[in-house]
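Residues per chain are reported as follows:
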Amino acid sequence: MKKEKELYSGKAKSVYTTEDPDKLVLLFRDDTSAFDGRKIDQLARKGMINNKVNAFIMTQLERAGIITHFDRLLSDDESLVKRLEMLPIECVVRNVSAGSLCRRLGVEEGLDLNPPTFEFFLKNDELHDPMINEYHIRAFGWADDDDISVMKRLTFEINDVLKQLFFEAGILLVDYKLEFGRYHGQLVLGDEFTPDGCRLWDVETREKLDKDRFRQGLGGVIEAYEEVARRLGVTLD
Ligand code: ADP
Ligand code: UDP
């Protein structure tokens, strides 16, 4: 399937139309950003690694019965996906405290969260993706009651599948962000699941294997992403 017109170019991916109005090409670029685009770099191989890790995770989720936008890999850094009408909402689940939760609530990093927490954020870089709740979502029409319950249900189902999958690879799934969109009336998991959008720690040492290495200037970002791929059994080259 060939790319036609660039529909959108985000911070890490570009989105193209195809000859099929129901399908898009996602191009995973090497661009890496943090702090709402204020820290930017190019990390060679990141696009390829994320494309392949995302394909693997989306396929595992489909096997577990969760409908995703993923269709197939097209090349090292491109995937074919269903064209969704994205909701402007990010769903974040946390199994362990880290990141903005610690900054917001003054709690230390690394506390087990049992039960896991669920948070909604508005997808808006200019406003720094503010936290919102279900009342904001309903009042401003970003989604309806059904969408809210489907997003919560799917996000927790995904947690059960992925916590186990990563644990078997010696990795703790600390937290992650998901985005959903509508496909012919049905809410479907979109965007990506890669070390750019989640926190992954080594189970034994708690070494960070995700984008926090970039955010915090720890170095070894690509090596960590490659390690995640290797442990999951994702073939890269
Ligand atoms: P951002 O927009 O946050 O900078 P990206 O660089 O990852 O993020 O850009 C990818 C964009 O594509 C995001 O805005 C995401 O919501 C959107 N997107 C992801 N999957 C789909 C899809 N299946 N259909 C339509 N849009 C999608
Ligand atoms: N996240 C993301 N995109 C965003 C915001 C958050 O992928 O725009 C991911 C982030 O990588 C982490 C989880 O969502 O895995 C929770 O992020 P948090 O709220 O702690 O914000 P951060 O500390 O990353 O600013």
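Residues numbered from 1 in each chain as written. Chains lettered and ligands numbered in written order. Predicted model: local features only at pLDDT ≥ 70, side-chain atom pairs only at ≥ 80, totals over all residues. Heavy atoms only, no water.

*Asks:* Would you mind showing me how to read a nonpolar patch on the surface here?
*Replies:* Nonpolar side chains collect at one region of the surface, where Leu105, Val107 and Leu111 lie side by side and expose about 240 Å² of accessible area between them. Positionally, Val107 belongs in the loop between helix H2 (99-105) and strand S10 (112-122). Here Val107 falls in the partly exposed class, since its relative accessible area comes to 31%. (Patch = residues over 30% accessible without salt bridge, like charges linked within 9 Å, V, L, I, M, F, W, Y side chains within 5 Å. Areas by Shrake-Rupley, 256 points an atom, 1.4 Å probe, with all protein chains shown as cover. Salt bridge = Lys/Arg side-chain N within 4 Å of Asp/Glu carboxyl O. Helix = DSSP H or I, 4+ residues; strand = E, 2+ residues; numbered from the N terminus. Buried < 20%, exposed > 50% of the residue type's maximum accessible area, 1.4 Å probe, protein only.)

*Asks:* What is the right way to read the side chain of Glu119 from this model?
*Replies:* Summarising the element assignment, Glu119 is placed in strand S10. Judged by relative accessible area, Glu119 falls into the buried class, the value being 4%. A polar atom in the side chain of Glu119 sits 3.4 Å from the side chain of Arg104. With residues up to four places along the chain from it excluded, the contact list for Glu119 reads Glu90, Cys91, Val92, Arg94, Leu101, Arg104 and Met131. (Polar contact = N/O pair within 3.5 Å; in protein donor to acceptor, adjacent residues only side chain to side chain. Contact = heavy atoms within 4.5 Å.)

*Asks:* Where do I start with the pattern of salt bridges in this structure?
*Replies:* If charged atoms from side chains of opposite charge come close, those side chains can pair. Scanning the entire structure with this criterion turns up 31 salt bridges. Salt-bridge contacts for Lys208 lead to Glu109; the nearest nitrogen and oxygen are separated by 2.9 Å. Separated by 99 residues along the polypeptide, Lys208 in the loop between strand S15 (198-202) and helix H5 (212-215) and Glu109 in the loop between H2 and S10 bring together distant segments of the chain. With a shortest N-O distance of 3.9 Å, Glu134 and Arg138 are connected by a salt bridge. Taken as a pair, Glu134 and Arg138 lie in helix H3 (residues 134-139) at a separation of four residues, close to a single helical turn. Residue Glu134 is classed as partly exposed on the basis of its relative accessible area of 23%. Within the structure, one salt-bridge network assembled from shared partners comprises Arg94, Arg104, Glu119, Asp175, Arg199, Asp212 and Arg215.

*Asks:* Explain the pairing of strand S4 (residues 31-34) here, please?
*Replies:* Both faces of the sheet carry side chains from a regular strand, because those side chains alternate between them. The alternating pattern of S4 places Asp31 and Ser33 and Thr32 and Ala34 on opposite faces, both of which are buried. By the bridge criterion, four bridges tie S4 to strand S5 (residues 39-42) in an arrangement that is antiparallel. By the bridge assignment for S5, Thr32 is matched with Asp41. Here S4 folds back onto S5 in antiparallel fashion, the turn holding four residues, of which Phe35 has a positive phi close to 55 degrees. (Pairing = 2+ DSSP bridges.)

*Asks:* Quick question: what am I supposed to make of the nonpolar core here?
*Replies:* The tendency in soluble globular proteins is for nonpolar side chains to be buried side by side. The biggest cluster of nonpolar side chains holds 49 residues, and the ones touching the most others in it are Ile57, Met151, Leu162, Phe166, Phe193 and Leu232. Mapped by element, the contributors of at least two residues to this core are helix H1 (46-63), strand S9 (89-96), S10, helix H4 (145-168), strand S12 (171-178), strand S14 (186-189), S15 and helix H6 (221-232). Apart from the residues within four sequence positions on either side, Met151 is in contact with Leu87, Ile89, Cys91, Phe118, Phe120, Ala143, Phe180 and Leu187. (Core = buried A, V, L, I, M, F, W, Y, C linked by side-chain atoms within 4.5 Å.)

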